[in-house]
Number of protein chains: 2
Amino acid sequence: MTYELYYWPSIQGRGEFVRLALEEAGADYVDVARESKKGMAAMEPLMEKGEHPPFAPPFLKDGDIIIGQTAAILFYLGGKHGLAPKNEAGRLWTHQIQLTIADFVAEAHDTHHPIASGLYYEDQKKEAARRAEDFRDNRVPKFFSWFETILKGNPAGSKHLVGAKITYADLSLFQIVAGLSYAFPKLTKRALRKYPHIAALHDAVAKRPRIEAYLKSPRRIAFNEDGIFRHYPELDA
Amino acid sequence: MTYELYYWPSIQGRGEFVRLALEEAGADYVDVARESKKGMAAMEPLMEKGEHPPFAPPFLKDGDIIIGQTAAILFYLGGKHGLAPKNEAGRLWTHQIQLTIADFVAEAHDTHHPIASGLYYEDQKKEAARRAEDFRDNRVPKFFSWFETILKGNPAGSKHLVGAKITYADLSLFQIVAGLSYAFPKLTKRALRKYPHIAALHDAVAKRPRIEAYLKSPRRIAFNEDGIFRHYPELDA
């Protein structure tokens, strides 16, 4: 069965966490809004009708099942494609890490949109400068230090967040580092020196054959100033 | 086995979503920071050591298992106490709703802390006024309208978000309505007239015997201006 992924066609955004899992799994999928002539209009019927209408993209259609919320999609794909441990405790732990990554992503978004996602960045630049300062000084160190602790403490080895094999949490941490490196290059360069296990995980994921091929392909949308990770030099330091 | 819940002892906060599930389940639990002389110091060893250190409270200890992230805790408790459907599609759908509630809670928090959770409200009042306006005008209607649609479209009846029985998602939607009624009384009164199924669900949950007993007990901490739902009259309208 071919998966259908519904997400904005011109940004990586939250959809990218799902794309990375599908790519690593070698799964058949259609990125509907990019491949259909209808674009995002293709998703409207699914959001407006049906028993389980998603709140927002991304959402994934697998036959009759429609799942929204990035972390829930990954929980589902993790179970189906071996991208999470099979036992309940391991599945929950991987999911818990993913939920913390989701919080981190929301905070990264709010550095440029602290007031309203419906307003332009230009309409909230002053507030963004204040929020970004707190993000750089307090939030990034808090999140990174937690991920580093988990990597160091993993009894199966420090190459992965959970167990001895790749999970969707590893892929998502790679994506966070990639995104922050684009949006906050100065901050991230400094941080990665302090958190070498995170840096090593990022580099190892980028070299996984399917991920490496994906990153070089036109399927990987370039980072840009419409997505979650935006490079506004005035917010970096 | 008695659960141990670790959360701040003087606020409802995110811990309240877990407390409501434990209360509805009639589960044995200790609210550690409230009942131990050590207070929050009791949680430090668990956050600093161990294989699965939680990122932040709340977290739940069930024997050897420690789970952080509110939605993950509820996913776990839902399966153990019949507060979610047993089949995979139903479990995921309930979880998906909970994740959307978690996003809503984070946005409610950010109305009074749009810049930094480490700063006082007084240091971000101007920004809070702008963010709260967007929350009132755009975000609350978007979330409420989604919950109302789900209730109306539930094939098993409009009394519950999922299926024909109570789930943790119902309890959490109750808590959101209770919190918003405290923090934004004008806004919420107006909204509930427009979304009658949400209002009915809130009232029905409040009358469930175990929840009613809990709400009257000293275990229910009163809403206050240290929690997520804070009543600052200048943010309401």
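These notes cover the structure that comes with them. (Residues numbered from 1 in each chain as written. Chains lettered and ligands numbered in written order. Predicted model: local features only at pLDDT ≥ 70, side-chain atom pairs only at ≥ 80, totals over all residues.)

### Observations concerning the overall build of chain A
At step 1: A tally of helices and strands in chain A yields 10 helices and four strands.
At step 2: Reading chain A from its N end, one meets helices and strands in the order β-α-β-α-α-β-β-α-α-α-α-α-α-α.
At step 3: A compact globule built from 237 residues would reach a C-alpha radius of gyration of about 18 Å, and chain A, at 18 Å, matches this within 12%.
At step 4: For the C-alpha atoms alone, the extent of chain A along its principal axes is close to 50 × 45 × 30 Å.
At step 5: Residue burial in chain A is summarised as follows: out of 237 residues, 48% are buried.
At step 6: Contacts in chain A between residues far apart in sequence, at least 24 positions, make up 68% of those at least 6 positions apart. (Helix = DSSP H or I, 4+ residues; strand = E, 2+ residues; numbered from the N terminus. Rg over C-alpha atoms; globule rule 2.2 N^0.38 Å. Buried ≥ 20, exposed ≤ 12 C-beta atoms within 10 Å, placed from the backbone. Contact = placed C-beta atoms within 7 Å.)

### Structural notes on the pairing of strand S3 (residues 59-62) of chain B
Residues and elements named next belong to chain B.
At step 1: In terms of strand pairing, strand S1 (residues 3-6) meets S3 through three bridges, oriented antiparallel. Looking across to S3, one finds that Glu-4 is bridged to Lys-61.
At step 2: Strand direction decides the pairing type here: S3 and strand S4 (residues 65-68), joined by four bridges, are antiparallel. Looking at S4, one finds that Lys-61 is bridged to Ile-66.
At step 3: Here S3 hands over to S4 after two residues, with Gly-63 in that stretch at a positive phi of 65°. (Pairing = 2+ DSSP bridges.)

### Side note on the relation of the copies chain A and chain B
Note on the chain copies: they are related by a rotation about an axis and a translation along it.
At step 1: Relative to chain B, chain A is turned by 180° and slid 0.0 Å along the rotation axis, the superposed coordinates differing by an RMSD of 0.0 Å. With respect to symmetry, the two chain copies, as superposed, fit the operation of a two-fold axis. Among all residues of chain A, the minimum C-alpha distance to the rotation axis is found for Pro-114 of chain A, at 3.0 Å.
At step 2: Same-surface contact between copies: 100% of interface residues of chain A are shared with the interface of chain B. (Least-squares fit on C-alpha atoms with pLDDT ≥ 70 in both.)

### Description of helix H8 (residues 185-194) of chain B
For the α-helix, the turn length of 3.6 residues means that residues three or four positions removed from each other point alike.
Residue and element names in this part refer to chain B.
At step 1: Listed as buried for H8 are Leu-187, Thr-188 and Ala-191. Relative to the axis of H8, the buried residues are bounded by an arc of 90° and lie together on one face. Those residues of H8 that are exposed and aimed more than 90 degrees away from the buried face are Lys-186, Lys-189 and Arg-193.
At step 2: Of the surrounding elements, those touching the buried residues of H8 are helix H6 (125-153) and helix H7 (168-183). (Arc of directions from axis to C-beta.)

In short, geometric facts, not functional conclusions.
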